[in-house]
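A look at the structure
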Amino acid sequence: MSKRRVVITGLGAVTPIGIGVQTFWDGIKTSKNGIKPITLVDTTRHSVRFAGEIPDFKVEDFIDKREAKRMDRFVQFAAVASDEALADSKLEITDENRDRVGVIIGVGVGGLQTWETEHDKFTKGGPDRVSPFLIPMMITNMAAGHVSIRTGARGPNTCVVSACTSSMQAIGVAFDIVARGDADAMLAGGSEAPISNLGIAGFANMRALSKRNDDPQTASRPFDKDRDGFVMGEGAATLVLEELEHAKARGAHIYGEILGHGWAGEAYHMTNMREDGSGYVKCMELALKNANVEKEAVGYINAHGTSTPTNDPIETKAIKTLFGERAYSIPVSSNKSQVGHVLGGTGAIETVATVLALQEQILPPTINHFEPDPECDLDYVPNTARPHTFDVAINNATGFGGHYAALVLKRWSE
């Protein structure tokens, strides 16, 4: 059975460089930096004191106060991004079609902030002080649950939890659902709000985070010789995926097309990666096969590009292994240089950037690229966005536990 074609008709984003897709994309194109000192928690005792926080996020501007109090911050982000994506798509959910519209939101760690708040209440006042909303606020699936409740979508509804590949895999699952005919449209994406005492301490103590407290703005420097770790970020993004003929029949604006996706497992280590890059290679190969696209067609790669000493040379090696000498003519960039690493939400945010890059034929930059690394010797679109003619892009992601995911996206053209 042939797959139905799946296009993207709506976008929503809440990121450290702005709330709303246009603000986010304008920031990407102008090399805006969203990394600043942390304000959400007291960092006096922390070794890392900066992150990619959402600027000026006032939840009451988007969600009723009473409703918002029953949502963890990651759920609030998902709700705001999904509201924007659905409005952007102009897809009206009615009694007639609500069973054919679903929701999948990928989340990595879920409600850390709620957990910490309620645990503090428990230790100080005992069990009776713990909120009855603790569980439904912190569990990862509640982002998809609330989006479904807010929109009235009653089609397939679930949550993908696979560390930093969560939202990329969520988009892949949603693509499959639409492609095989189980829904006509899906709201798919990811969200994360990990900036908490435990979140900061946990990642810092495993030596994953940059410690450039004296200069946060240059701390996230993917593929740079002097990178020293990733920068934690928060945020969300949602895309409306829709069957092509369904979208055309209602006159929807089409941003781009998803051709296919690939997943792979490395079976190697809790946090480390195989040095030969075989996880990335296998995943990209599977994605291209699923998309029925030859590797020669790929014109841009939105890299996972974490700014860690380990990931960047391994991802570079994988790209060179798969594409050979042609790897040197394929632009590669990392949005994490501007927004940080949004963990489970990062794939969705970067997919929005990739879709818009295809639509506008502009390559997002890798900012803070100061000193070339001999092991990272590809074209990383250093520091400044630039025009580029291309039709097909790959978006990469990997996560703790040996998870890999890749999407193949195509510029929309009739």
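Residues numbered from 1 in each chain as written. Predicted model: local features only at pLDDT ≥ 70, side-chain atom pairs only at ≥ 80, totals over all residues. Heavy atoms only, no water.

Re the environment of A353
As for its position among the elements, A353 is in helix α13 (residues 346-360). Considering only alpha carbons, one finds A353 and P127, 226 residues apart in sequence, at a separation of 45 Å. When sequence neighbours within four positions are dropped, the list of residues in contact with A353 reads F24, W25, N302, N335 and P364. (Helix = DSSP H or I, 4+ residues; strand = E, 2+ residues; numbered from the N terminus. Contact = heavy atoms within 4.5 Å.)

As for helix α10 (residues 278-291)
In this model, α10 (14 residues) spans 20 Å end to end at C-alpha, consistent with the 20 Å of a helix rising 1.5 Å per residue. Those residues of α10 that fall on the buried side of the exposure criterion are G279, Y280, V281, C283, M284, A287, L288 and A291. In this structure, the buried side of α10 is in contact with β9 (256-265), β10 (298-302), α11 (311-323), β14 (392-399) and β15 (403-411). Positive phi appears at N292, one or two residues downstream of α10, with a value of about 60°. (Expected span 1.5 Å × (residues − 1). Buried < 20%, exposed > 50% of the residue type's maximum accessible area, 1.4 Å probe, protein only.)

Concerning the pairing of β9
Among the 10 residues in β9, eight count as buried, and that is most of the element. Note that strand β1 (residues 6-15) and β9 share three bridges and pair antiparallel. Looking at the pairing, V6 lines up with I258 of β9. As paired strands, β9 and β15 are joined by nine bridges and run antiparallel to one another. Paired with G265 across the bridge in β15 is H403. (Pairing = 2+ DSSP bridges.)

A closer look at the pattern of salt bridges
Under the criterion given, the structure shown has 21 salt bridges. Here E234 and R73 are joined by a salt bridge, their closest N and O atoms 2.8 Å apart. Of this pair, E234 sits in the loop between α8 (197-205) and β8 (235-243) while R73 sits in helix α3 (residues 73-89), and the two are 161 residues apart along the sequence. The two residues E234 and R73 agree in class, both being buried. With a shortest N-O distance of 2.6 Å, D182 and R180 are connected by a salt bridge. Using a relative accessible area of 47% as the deciding quantity, one classes R180 as partly exposed. Taken together, the shared-partner salt bridges in this structure form one network comprising R4, R100 and D184. (Salt bridge = Lys/Arg side-chain N within 4 Å of Asp/Glu carboxyl O.)

Thoughts on the packing of aromatic side chains
Applying the stated rule across the entire model yields seven aromatic pairs. A centroid spacing of 5.0 Å and a plane angle of 75° characterise the contact between Y280 and Y404, whose relative ring orientation is edge-to-face. Here Y280, found in helix α10, pairs with Y404, found in strand β15; they are 124 residues apart in sequence, far enough to count as distant. Each member of the pair, Y280 as well as Y404, carries the same accessibility label: buried. Put simply, the rings of F57, F62 and F77 touch in pairs and so form one group of aromatic residues. (Phe/Tyr/Trp six-rings, centres within 6.5 Å; stacked < 30°, edge-to-face > 60°.)

Some thoughts on the side chain of T316
Relative to the helices and strands, T316 resides in helix α11. When sequence neighbours within four positions are dropped, the list of residues in contact with T316 reads F223, E375, C376, D377, L378 and Y380.

Section: the nonpolar core
The biggest cluster of nonpolar side chains holds 48 residues, and the ones touching the most others in it are I8, F24 and L241. Discounting chain neighbours no more than four positions away, the residues touching L241 are V6, V7, I8, I171, A174, F175, V178, D184, A185, M186 and I258. In this structure, F57, F77, L91 and A185 belong to the second largest nonpolar core, which totals 33 residues. (Core = buried A, V, L, I, M, F, W, Y, C linked by side-chain atoms within 4.5 Å.)

Details of the pairing of β8
Within β8, nine of the nine residues are buried, which leaves it mostly tucked inside the rest of the structure. Note that β1 and β8 share eight bridges and pair antiparallel. Paired with G12 across the strands is T238, a residue of β8. Pairing of strand β7 (residues 185-192) with β8 involves eight bridges; the strand directions are antiparallel. Residue A188 lies in a different strand from β8, and its bridge partner there is L239.

Some thoughts on helix α7 (residues 166-179)
Within an α-helix, residues lying three or four positions from one another point in the same direction, as the helix has 3.6 residues per turn. The end-to-end C-alpha distance of α7 is 20 Å, a good match for the 20 Å that 14 residues give at a rise of 1.5 Å each. Among the 14 residues that make up α7, 12 are buried, leaving the element largely enclosed by the rest of the structure. Within α7, burial applies to S166, S167, M168, Q169, A170, I171, G172, A174, F175, I177, V178 and A179. A positive backbone phi angle near 95° is found at G181, which sits one or two residues after α7.

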